[in-house]
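A structural walkthrough
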Amino acid sequence: GAGVSQTPSNKVTEKGKYVELRCDPISGHTALYWYRQSLGQGPEFLIYFQGTGAADDSGLPNDRFFAVRPEGSVSTLKIQRTERGDSAVYLCASSLGMGQDYNEQFFGPGTRLTVL
Amino acid sequence: AQSVTQPDIHITVSEGASLELRCNYSYGATPYLFWYVQSPGQGLQLLLKYFSGDTLVQGIKGFEAEFKRSQSSFNLRKPSVHWSDAAEYFCAVEGDSGYALNFGKGTSLLVTP
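1. Description of the sheet that holds strand β1 (residues 5-7) of chain A
Residues and elements named next belong to chain A.
- In spatial order, the strands read β1-β3-β8-β7; together these four strands make up an open sheet with antiparallel pairing. The open sheet has two edge strands with one neighbour each: β1 and β7 (65-68). Across the sheet, the mean angle from the axis of one strand to that of its neighbour is 15 degrees, orientation sign disregarded.
- Here four bridges tie β7 to strand β8 (residues 75-79), and the two strands are oriented antiparallel to one another.

Right under this line is the structure:
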């Protein structure tokens, strides 16, 4: 079956602009995660959705970042007034749920965001 | 707070040689530990995971890892490396949240002929 997909694969924007990054999780996965991977670093947790609600957004760096998942499937990560420091690969992952047998996270290929 | 250290930024091995990638974690309770591989343009792929029980864990692509509580380590091994194993490898620990993964900075593996 299809894996996690993310669009666009690359996004170049100018400082101060607004961007939206989209994630399509694996069908039937109730849990969805966003991570950010800066150059030379491992992914860092941003936000976790269980169903439609953001269960944990403690990893969002500031209030310019926001994410939604209105129907419990597709999620959009929104970044306002982009800054050069926001340049990174944004990874989305999904899992069946929580608990040992259900929490394996399947990752998408990521969106590479470049802020000029 | 939970954290993961991967001491080696780059490792080069010859094709057919054995491989060991190091991972040390910091976590008070019994950790849930993972190894992921990331190839260029690809998403992170889970190689193996440890939750409890047998400390030697078998994964995909011929990889295995051993959990050693006394050393706070979860090193990844492969007896014979193939050129297609060249990639970035990440160790991760799932912490108190029960879902958020804390990743190390990764080890880049280069395989020479």
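Let's pick the thread back up.
2. Observations regarding the interface of chain A and chain B
- Between chain A and chain B, the contact holds 19 residues from the first and 21 residues from the second.
- Roughly 1,700 Å² is buried in total at the junction of chain A and chain B, and carbon and sulfur atoms are behind 54% of that figure.
- Connecting chain A to chain B are zero salt bridges.
- Linking chain A with chain B are five residue pairs in polar contact (both at pLDDT 80 or more).
- Breaking the side of chain A that touches chain B down by element, the ones donating at least two residues are β4 (31-37) and β5 (44-50) of chain A.
- In terms of residue count, the dominant contributor to the side of chain A that touches chain B is β4(A) (three residues).
- Partitioned by chemical class, the residues of the side of chain A that touches chain B number nine nonpolar, eight polar and two charged.

3. Here's the deal with the environment of Arg22(A)
All names here are of chain A.
- Position of Arg22 relative to the elements: it lies in strand β3 (residues 19-24).
- Classification of Arg22 as partly exposed rests on a relative accessible area of 38%.
- For the pair Arg22 and Pro8, spaced 14 residues apart in the sequence, the C-alpha separation amounts to 7.2 Å.
- Leaving out residues up to four positions away in the same chain, Arg22 has contacts with Ser5, Gln6, Thr7, Trp34, Val74 and Ser75.
- Polar contacts involving the side chain of Arg22 include one to the side chain of Asp24, which spans 2.8 Å.

4. Quick word on unusual backbone geometry
- In this structure, Pro8(A) follows Thr7(A) across a cis peptide bond, with omega equal to -10 degrees.
- Within the secondary structure, Pro8(A) sits in the loop between β1 and β2 (10-13).
- You will see that Arg81(A), though not glycine, has its phi angle at about 45 degrees, which is positive.
- By the element assignment, Arg81(A) lies in the loop between β8 and β9 (88-95).
- The exposure class of Arg81(A) is partly exposed, given its relative accessible area of 46%.
- Even without being a glycine, Lys61(B) presents a positive backbone phi close to 60 degrees.
- Residue placement: Lys61(B) occurs in the loop between β7 (56-58) and β8 (64-68).
- Lys61(B) sits in the partly exposed class, given a relative accessible area of 48%.

So, how was this worked out
- Each chain carries its own residue numbering, running from 1 in the direction its sequence is written.
- For this description, chains carry letters from A and ligands carry numbers from 1, given in the order in which they are written.
- At least 70 in pLDDT is required for a residue's local features to be given in this predicted model, at least 80 for side-chain atom pairs to be given and counted, and no such filter applies to totals for whole chains, interfaces and linings, which use all residues.
- Calculation of side-chain values draws on the structure's entire complement of heavy atoms; hydrogens and water are dropped beforehand.
- What makes two strands pair is DSSP finding at least two bridges between them.
- Numbering of helices and strands runs from the N terminus; a helix is a DSSP stretch of H or I covering at least four residues, while a strand is a stretch of E covering at least two.
- Fitted lines through C-alpha atoms give the axes, limited to the stretch in contact for helices. The angle between two N-to-C directions lies from 0 to 180 degrees.
- Contacts were defined at the residue level, with two residues in contact if any of their heavy atoms lie within 4.5 Å.
- Note: buried area is the sum, over both parts, of the accessible area (probe 1.4 Å) each one loses when the two are combined.
- Here, a salt bridge means any side-chain nitrogen of Lys or Arg that lies within 4 Å of a carboxyl oxygen of Asp or Glu.
- Within 3.5 Å is the distance limit for a polar contact, defined as a pair of N or O atoms, with the added protein rule that one can donate a hydrogen and the other accept it, and that residues adjacent in sequence qualify only through two side-chain atoms.
- Here the term charged refers only to Asp, Glu, Lys and Arg, the term nonpolar to Ala, Val, Leu, Ile, Met, Phe, Trp, Tyr, Cys and Pro, and the term polar to all other amino acids, Gly among them.
- Burial classification: accessible surface area is computed with a 1.4 Å probe over protein chains only, and a residue below 20% of its type maximum counts as buried, one above 50% as exposed, and the rest as partly exposed.

Taken by themselves, the reported measurements are silent on function.
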